[in-house]
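Below, each chain spelled out in residue letters.
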Amino acid sequence: MSDILVVNSGSSSIKFALFSHASHKDLTLAALKLHYSGHFSGLGGGQSNVTLHNDVGAALLNTGLKPAQDHNDALSQLCVWLSKRENEFELIGVGHRVVHGGRDFLAPQIINDDQVEALEELGPLAPLHQPYCLAPIRQLRKQLPDVPQIACFDTAFHARQSEMIRRYALPRALSERGLLRYGFHGLSYEYIKCVLADYLPPEMPHGRVIVAHLGNGASLCGLKDGQSVASTMGFSAVEGLPMGTRSGSLDPGLVLHLLEHEGMSTAEVSDLLYRRSGLLGVSGISGDMQVLLASSAKEADEAIELYCHRIAHEIGGLAADLGGVDQLIFTAGIGEHAAEVRSRVVSRCTWLGAELDSDANAQHGPCISKPSSRLGAWVIPTDEARMIAWHSLQLLALP
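Residues numbered from 1 in each chain as written. Predicted model: local features only at pLDDT ≥ 70, side-chain atom pairs only at ≥ 80, totals over all residues. Heavy atoms only, no water.

- Per an unreviewed UniProt entry, the chain goes by Acetate kinase and derives from marine sediment metagenome.

Here it is, written out as structure tokens:
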């Protein structure tokens, strides 16, 4: 039995999952068996929590894991928890989600300290994510020195997009220095690509697919024959759609105005665009879609309307990039669970031939379009942790 630990670290949380693999001949996603999944939340905030679930999703009690003070404490507890279960499984690697791989990290790889330093230089491009993605790699390389640490990059799935798609209309010298569109959420998109055939009937066209990864962070990706053609996120994870607390795309002149005429510093502008905008900024209530959907305040509805409008607007752009669209896939927290958001988006896609099956949408699919709909609409759960485990297994299984 071979076991892979997956770590997904954020600014105030660490998600983890343990997968086992029994067959050296079957290296498919389905061959990975989830044993445990858990979540340290509220790290560094004084109100931390920890949950642990078994392979069927049941919460486990008396696990020995306690609310952690910070990321280091959480990872140390996790290592102790693993060491006490040496007879239960054999850890052969730890897979990490790393948000930004830049121009040089184009595929998952076993990582060393020099490579971590190179990735740390990309921190300004993903300030909410990159430092927290990399810190666990450093710590676990020390605490588990004999276990390979594998980095899986959210940008890698988009690396084969055309130069025209990736380029901004900036002087070439800047583009050559790496000021390009990278795209993110690649592990989620890759997972959807891998399982799409499990949901769609074989006779249904699926050469041109738009995937809507709608969570606290949100983006769209256009896939053609399984390859990323274009994505709404670009140089940083703030471009594109409005998100929970991120602004999404806006006029660069507005940023200059904030700096030159509103007296804001670069740090204040960064805080505004990453932490105080999006659904939270427009509503003034919350960046949580569930809270906004439950609210009767007109500001909450305005935030939801803007969010759905921008999604539909970007769908139009991706349809142009793809030369049409066959299927629209909703995934991630909002995409999988917010029927009202899906309804508002699909209603704006009637020009693409979309016809929503309201009953199926209320049941969260998987197919939420009518049989007569020219555009297929689906709800497909994503599983970035399984994707990371699969990439790790592929690397470690190489001769």
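Remarks on the nonpolar core
Part 1 of the reasoning: Grouped together as the largest cluster of nonpolar side chains are 56 residues, with contacts concentrated most on Leu214, Tyr307, Ile311, Ile315, Phe330 and Val341.
Part 2 of the reasoning: Among the elements that make up this core, the one with the highest residue count is helix α11 (residues 298-322) (ten residues).
Part 3 of the reasoning: Beyond its immediate chain neighbours, meaning those up to four positions away, Leu214 contacts Ser219, Leu241, Tyr307, Ile311, Phe330, Thr331, Ala332, Gly333, Ile334, Gly335 and Val341.
Part 4 of the reasoning: One finds Leu32, Tyr189, Val195 and Cys221 within the second-largest nonpolar core, a separate group that totals 27 residues. (Core = buried A, V, L, I, M, F, W, Y, C linked by side-chain atoms within 4.5 Å. Buried < 20%, exposed > 50% of the residue type's maximum accessible area, 1.4 Å probe, protein only. Helix = DSSP H or I, 4+ residues; strand = E, 2+ residues; numbered from the N terminus. Contact = heavy atoms within 4.5 Å.)

Describing the packing of aromatic side chains
Part 1 of the reasoning: The final tally for this structure, using the stated rule, is five aromatic pairs.
Part 2 of the reasoning: Relative to Phe89, the ring of Trp81 has its centre 6.3 Å away and its plane inclined at 40°; by these criteria the two rings are tilted. Summarising the burial analysis for this pair, Trp81 and Phe89 share the class buried.
Part 3 of the reasoning: For the pair Tyr182 and Phe235, a centre-to-centre distance of 6.4 Å together with 40° between the ring planes defines the contact as tilted. With Tyr182 in the loop between α5 (172-176) and α6 (186-199) and Phe235 in the loop between β10 (227-231) and α7 (252-260), the pair connects residues that are 53 residues apart, well separated along the chain. (Phe/Tyr/Trp six-rings, centres within 6.5 Å; stacked < 30°, edge-to-face > 60°.)

Brief notes about the environment of Leu393
Part 1 of the reasoning: Inspection of the secondary structure puts Leu393 in helix α15 (residues 384-396).
Part 2 of the reasoning: In sequence terms Leu393 and Ile92 are 301 residues apart; their C-alpha atoms lie 8.8 Å from each other.
Part 3 of the reasoning: Among residues more than four places away in sequence, those in contact with Leu393 are Ile4, His21, Leu27, Leu32 and Ile92.

Quick look at the environment of His96
Part 1 of the reasoning: You can see His96 is positioned in strand β5 (residues 91-98).
Part 2 of the reasoning: The exposure class of His96 is buried, given its relative accessible area of 0%.
Part 3 of the reasoning: Expressed as a C-alpha distance, the spacing of His96 and Cys152, which sit 56 residues apart in the sequence, is 5.9 Å.
Part 4 of the reasoning: For His96, the residues in contact, after removing those within four places along its chain, are Val7, Pro136, Ile137, Leu140, Gln149, Ile150, Ala151, Cys152 and Ile388.

A word on the domain arrangement of the chain
Part 1 of the reasoning: Taken domain by domain, the chain holds domain 1 (2-153) and domain 2 (186-379).
Part 2 of the reasoning: The straight-line distance from the C-alpha centre of domain 1 to that of domain 2 is 27 Å.
Part 3 of the reasoning: The interface is formed by nine residues belonging to domain 1 together with nine residues belonging to domain 2.
Part 4 of the reasoning: With both sides pooled, the region where domain 1 packs onto domain 2 buries about 790 Å², and carbon together with sulfur makes up 74% of that total.
Part 5 of the reasoning: At the boundary of domain 1 and domain 2, one finds zero salt bridges. (Domains from an automatic or database assignment. Buried area = accessible area lost by both parts, 1.4 Å probe. Salt bridge = Lys/Arg side-chain N within 4 Å of Asp/Glu carboxyl O.)

With respect to the pairing of strand β7 (residues 149-153)
Part 1 of the reasoning: Burial analysis of β7 places five of its five residues in the buried class, the great majority of the element.
Part 2 of the reasoning: Along β7, one buried face is formed by Gln149, Ala151 and Phe153 and the opposite face, lined by Ile150 and Cys152, is buried too.
Part 3 of the reasoning: Relative to β7, strand β6 (residues 109-110) runs antiparallel, the two being bridged by two bridges. Within the sheet, the bridge partner assigned to Gln109 lies in β7 and is Ala151. (Pairing = 2+ DSSP bridges.)

Regarding α15
Part 1 of the reasoning: In a regular helix each residue adds 1.5 Å, so 13 residues correspond to 18 Å; α15 covers 18 Å between its end C-alpha atoms and thus fits that length.
Part 2 of the reasoning: Along α15, the residues that are buried comprise Glu384, Arg386, Met387, Ile388, Ala389, His391, Ser392 and Leu393. (Expected span 1.5 Å × (residues − 1).)

Quick look at the packing of α7 against helix α8 (residues 266-275)
Helix-helix packing is described using two parameters, namely the angle between the two axes and the distance between the axes.
Part 1 of the reasoning: Running from amino to carboxyl end, α7 crosses α8 at an angle of 135°, the nearest separation of the two axes being 9 Å. In terms of orientation, α7 lies oblique with respect to α8. Helix-helix and strand crossings are classified by hand; for α7 and α8 the assignment is right-handed. Residue-level inspection shows Val255, Leu258 and Leu259 of α7 in contact with α8, the latter providing Thr266, Val269, Leu272 and Leu273. (Axes fitted to C-alpha atoms, helices over the stretch in contact; angles between N-to-C directions. Parallel < 35°, antiparallel > 145°, perpendicular 65-115°, else oblique. Left-handed = near helix turned anticlockwise from the far one by under 90°.)

A short note on the pattern of salt bridges
Part 1 of the reasoning: According to the stated counting rule, one finds 13 salt bridges in the structure shown.
Part 2 of the reasoning: Between Asp271 and Arg276 there is a salt bridge, and its shortest N-O distance comes to 3.0 Å.
Part 3 of the reasoning: The exposure class of Asp271 is partly exposed, given its relative accessible area of 27%.
Part 4 of the reasoning: The salt bridge involving Arg344 is made with Glu305; its shortest N-O contact spans 2.9 Å. Pair noted here: Arg344 is in helix α13 (residues 339-347) and Glu305 is in helix α11, with a separation of 39 residues, a long-range link.
Part 5 of the reasoning: Judged by relative accessible area, which is 15%, Arg344 ranks as buried.
Part 6 of the reasoning: When salt bridges with common partners are traced through the structure, they connect Asp301, Glu305, Glu340, Arg344 and Arg348 into a single cluster.

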